[in-house]
Amino acid sequence: MSFKKVITAIRQGQSFIVTSHLNPDGDALGSMLALGAGLAALGKKVKIYSRDGVPKNLAFLPGSGAVSKELTLDEPFDAGFLVDCAERKRAGEFYEKSHGIRRFIVVDHHIKSGKSGDINLIDPKAPSTGELVYRLLKKLKVSITPEIAIPIYCTLITDTGNFCYSNTNHKVLRTASELVRLGAEPWFIAKNVYESYSVARYHALGKVLQTMEFSPDGRIAWATVSQALLKETGAALDDIDGFINFLRSIRTVEVAIQFREDSPQTYKVSLRSKDFVDVASIAARFEGGGHIRASGCTVPGSLAEVKSKILGAVQEALKKI
């Protein structure tokens with residue numbers, strides 16, 4: 001890893017932009033906000049950018065009101081941070097094609113991350129990208145205020161499934177304890193992230209579960225989120241976050257799949273596994289990626305075509321275990 005190179009770049013630079021992938025989740029936004037606050041504490045000029053803005057259930061995070069949805073191609077920055085993903089195109093066209101950003105720094109924890117930045121800080125063993133940001137800020141001697149501790153704690157609970165997933169260990173819990181001591185309130189954060197959903201979410205959930213299908217042996221479960229369903233229920237994309245976990249929680253299921261229609265010929269595919277299947281490798285076959293137990297990809301084609309490709313790949317993987 002390149003903590004030293006990132007630290008040097010921060011100390012040498014004065015202006016930074018921090019962003020992440022489109023439709024940011026808890027790890028993405030929490031990492032952005034914590035890093036932005038840390039850079040500001042060092043006296044740096046910081047812009048936090050998200051083309052898709054802030055999800056409703058994460059708007060409570062300190063600093064979220066300063067997130068900008070606007071970026072021009074020639075805005076000058078000494079460096080641009082890309083957190084929780086490694087490909088500039090995943091942050092949107094303006095970030096990808098910017099000619100005002102002098103160099104790019106990737107901070108990520110996904111196992112299939114490529115080294116697309118000029119500097120790459122990647123640790124697949126980290127429970128969240130936010131945990132990497134936390135380590136970086138401590139190395140920079142930044143005082144960890146509640147404005148930093150709260151979003152970092154949010155990255156931990158969202159990427160460890162409230163400390164239930166296989167990436168939870170004694171180190172994660174120790175870090176969480178430190179963050180609570182530094183001002184992160186577990187119930188306040190959990191209430192906002194997990195118990196502040198819209199009514200539209202539950203209307204959508206009921207309809208999505210009605211689309212649920214299973215393989216003959218019950219080891220694969222899948223469901224579909226269509227544009228028509230979203231329109232009918234009034235649900236936004238962040239309202240359907242986590243639906244796939246209902247499928248994975250079924251006793252017989254090893255792999256859960258969600259097909260979300262982005263357009264009539266494009267589907268965002270989410271993959272989750274319980275114990276054995278490396279879904280990151282499956283997603284990589286379709287130019288996607290993520291974690292061994294949670295990954296995704298975007299696949300062109302009709303729903304029938306996309307289902308055939310993905311289910312075939314999953315069935316192939318199941319035969320090997």
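For the structure itself, look to the data block above.
Criteria and cut-off values
- Residues numbered from 1 in each chain as written.
- Predicted model: local features only at pLDDT ≥ 70, side-chain atom pairs only at ≥ 80, totals over all residues.
- Heavy atoms only, no water.
- 1 Å grid on protein atoms, 1.4 Å probe; cavity = no way out; pocket = protein on both sides within 12 Å on 5 of 7 lines; lining within 4 Å.
- Points joined across faces, edges and corners; volume = space filled by probe spheres on them.
- Helix = DSSP H or I, 4+ residues; strand = E, 2+ residues; numbered from the N terminus.
- Axes fitted to C-alpha atoms, helices over the stretch in contact; angles between N-to-C directions.
- Parallel < 35°, antiparallel > 145°, perpendicular 65-115°, else oblique.
- Left-handed = near helix turned anticlockwise from the far one by under 90°.
- Contact = heavy atoms within 4.5 Å.
- Nonpolar A, V, L, I, M, F, W, Y, C, P; charged D, E, K, R; others polar.
- Buried < 20%, exposed > 50% of the residue type's maximum accessible area, 1.4 Å probe, protein only.
- Arc of directions from axis to C-beta.
- Core = buried A, V, L, I, M, F, W, Y, C linked by side-chain atoms within 4.5 Å.
- Expected span 1.5 Å × (residues − 1).
- Pairing = 2+ DSSP bridges.

*Asks:* Looking at this structure, how should I read the layout of surface pockets?
*Replies:* Empty space left among the atoms is revealed by rolling a probe the size of a water molecule over them. The computed volume of the second largest pocket comes to approximately 200 Å³. Taken together, Asp123, Lys125, Ala126, Pro127, Glu131, Arg135, Asn167, Asn169, Lys171, Val172, Arg174 and Thr175 make up the lining of the second largest pocket. Elements supplying a minimum of two residues to the lining of the second largest pocket: α4 (129–139) and α6 (170–181).

*Asks:* Got a minute to help me understand the packing of α4 against α6 in this structure?
*Replies:* Between α4 and α6, the least distance of the axes is 12 Å, while the angle of their chain directions is 60°. In terms of orientation, α4 and α6 fall into the oblique class. Considering the relative orientation of α4 and α6, their crossing is left-handed. Residues Glu131, Tyr134 and Lys138 of α4 form the contact with α6, whose participating residues are Thr175, Glu178 and Leu179. Among the residues making up the contact of α4 with α6, the classes are represented as two nonpolar, one polar and three charged.

*Asks:* I tried to follow helix α8 (residues 199–209) on my own but got confused; where do I start?
*Replies:* Quick reminder: α-helices carry 3.6 residues per turn. Residues three or four places apart thus point the same way. Every buried residue of α8 is accounted for by Ala200, Arg201, Ala204, Leu205 and Val208. Each buried residue of α8 sits inside an arc of 135° when the element is viewed along its axis, so together they form one side. Turning to α8, the residues buried within the fold contact β7 (220–225), α9 (227–233) and α10 (244–248).

*Asks:* How do you make sense of the nonpolar core when you look at a structure like this?
*Replies:* For soluble globular proteins, the rule of thumb is that nonpolar side chains tend to be buried together. Counting residues in each nonpolar core, the largest one holds 48 residues, and the members touching the most others are Leu35, Phe81 and Ile189. Among all residues touching Ile189, those that are not within four sequence positions of it are Phe60, Ile150, Tyr153, Cys154, Ile157 and Ala184. The next biggest cluster of nonpolar side chains, apart from the first, holds 22 residues, and it includes Val255, Val277, Ile282 and Ala283.

*Asks:* In this structure, what is going on with helix α12 (residues 303–319)? I would like to understand it.
*Replies:* Its 17 residues place the ends of α12 24 Å apart at the C-alpha level, agreeing with the 24 Å of an ideal helix rising 1.5 Å per residue. Along α12, the positions that sit buried rather than exposed are Val306, Lys307, Ile310, Leu311, Ala313, Val314, Ala317 and Leu318. Along the axis of α12, the buried positions cluster into a sector of 160°, meaning they face one direction only. Exposed and oriented more than 90 degrees from the buried face of α12 are Ala304, Ser308 and Lys319. In the core, the buried residues of α12 are packed alongside β6 (213–214), β7, β8 (255–263), β9 (266–273), α11 (279–284) and β11 (294–300).

*Asks:* Can you walk me through the pairing of strand β5 (residues 119–122) in this structure?
*Replies:* Moving residue by residue along a regular strand, the side chains alternate between the two faces of the sheet. Because side chains alternate across β5, one face comprises the buried residues Ile119 and Leu121, and the other comprises Asn120 and Ile122, equally buried. Where strand β4 (residues 104–108) lies against β5, four bridges are found, and the strand directions are parallel. Looking across to β5, one finds that Asp108 is bridged to Ile122.

*Asks:* Help me understand the sheet that holds β11 in this model?
*Replies:* Pairing in this open sheet of six strands is mixed, and the strands run β6-β7-β8-β9-β11-β10 from one edge to the other. In this open sheet, the two edge strands, each paired with only one partner strand, are β6 and β10 (289–290). For β9 and β11, the ladder comprises seven bridges, and the chain directions are antiparallel. If you follow Tyr267 over to β11, its bridge partner there is Val299.

*Asks:* Just checking my understanding: could you explain the sheet that holds strand β2 (residues 45–48) for this structure?
*Replies:* If you trace the five strands from one edge of the open sheet to the other, you get β2-β1-β3-β4-β5, paired in parallel fashion. In this open sheet, the two strands that pair with only one neighbour each are β2 and β5. Neighbouring strand axes in the sheet, compared pairwise and without regard to direction, differ in orientation by 15° on average. Looking at chain direction, strand β3 (residues 79–83) and β4 are connected through four bridges and run parallel. Looking at the pairing, Val83 lines up with Val107 of β4.

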